[in-house]
Amino acid sequence: DYDDEAQNYFYLLVEIFFTIIFCLEFLLRLTDEGWDYFFNSWNIFDFVLVTFGLVGVTVSIVVMVHEGRTPSATSSGARALKVLKTFRAVRLVRLIRM
């Protein structure tokens, strides 16, 4: 369905946008703190989420390029990525508390 496909593209663009923002934040904090960045458990959590975000966006783009469509919300990979996105929501809540 065209509407579902357009919605999937929109969500992919939003995911790419936030992944870029979180990657920039990670790089800035790593530049500022150096390797001390990894001695804070929240920073490790953020790093893992950034890594998963990069993997998720990469997988989505590869699927889109090779299959000519965005990953459907019912695929097993998409379900796993939704779990990871839930953890990213926890990260946003933590950032708001700061």
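It should be noted that the structure appears before, not after, this text.
Summarised in this report is the structure supplied together with it. (Residues numbered from 1 in each chain as written. Predicted model: local features only at pLDDT ≥ 70, side-chain atom pairs only at ≥ 80, totals over all residues. Heavy atoms only, no water.)

**Some details on helix 2 (residues 41-67)**
Taking 1.5 Å of rise per residue, 27 residues should cover 39 Å, and helix 2 covers 38 Å from first to last C-alpha, within 8% of that figure. Residues of helix 2 that are buried: Asn43, Asp46, Leu49, Val50, Gly53, Gly56, Val57 and Ser60. (Helix = DSSP H or I, 4+ residues; strand = E, 2+ residues; numbered from the N terminus. Expected span 1.5 Å × (residues − 1). Buried < 20%, exposed > 50% of the residue type's maximum accessible area, 1.4 Å probe, protein only.)

**A short note on a nonpolar patch on the surface**
A grouping of Phe17, Phe18, Ile20, Ile21, Leu24 and Leu27 is seen on the molecular surface, where their side chains present a nonpolar patch of about 560 Å² in accessible area. Secondary-structure assignment places Phe18 in helix 1 (residues 2-33). (Patch = residues over 30% accessible without salt bridge, like charges linked within 9 Å, V, L, I, M, F, W, Y side chains within 5 Å. Areas by Shrake-Rupley, 256 points an atom, 1.4 Å probe, with all protein chains shown as cover. Salt bridge = Lys/Arg side-chain N within 4 Å of Asp/Glu carboxyl O.)

**What to know about the packing of aromatic side chains**
Taken as a whole, this structure holds 9 aromatic pairs when the rule is applied. Between Phe26 and Phe47 the ring centres are 5.3 Å apart and the planes differ by 45°, which places this aromatic pair in the tilted class. A residue pair is termed long-range when its members are at least 10 positions apart, and Phe26 in helix 1 and Phe47 in helix 2 qualify at 21 residues. Residue classification places Phe26 among the buried residues on the basis of a relative accessible area of 13%. Judged by relative accessible area, Phe47 falls into the partly exposed class, the value being 31%. In textbook terms, an aromatic cluster arises when at least three aromatic residues are bridged by ring pairs, as seen for Phe26, Trp35, Tyr37, Phe38 and Phe47. (Phe/Tyr/Trp six-rings, centres within 6.5 Å; stacked < 30°, edge-to-face > 60°.)

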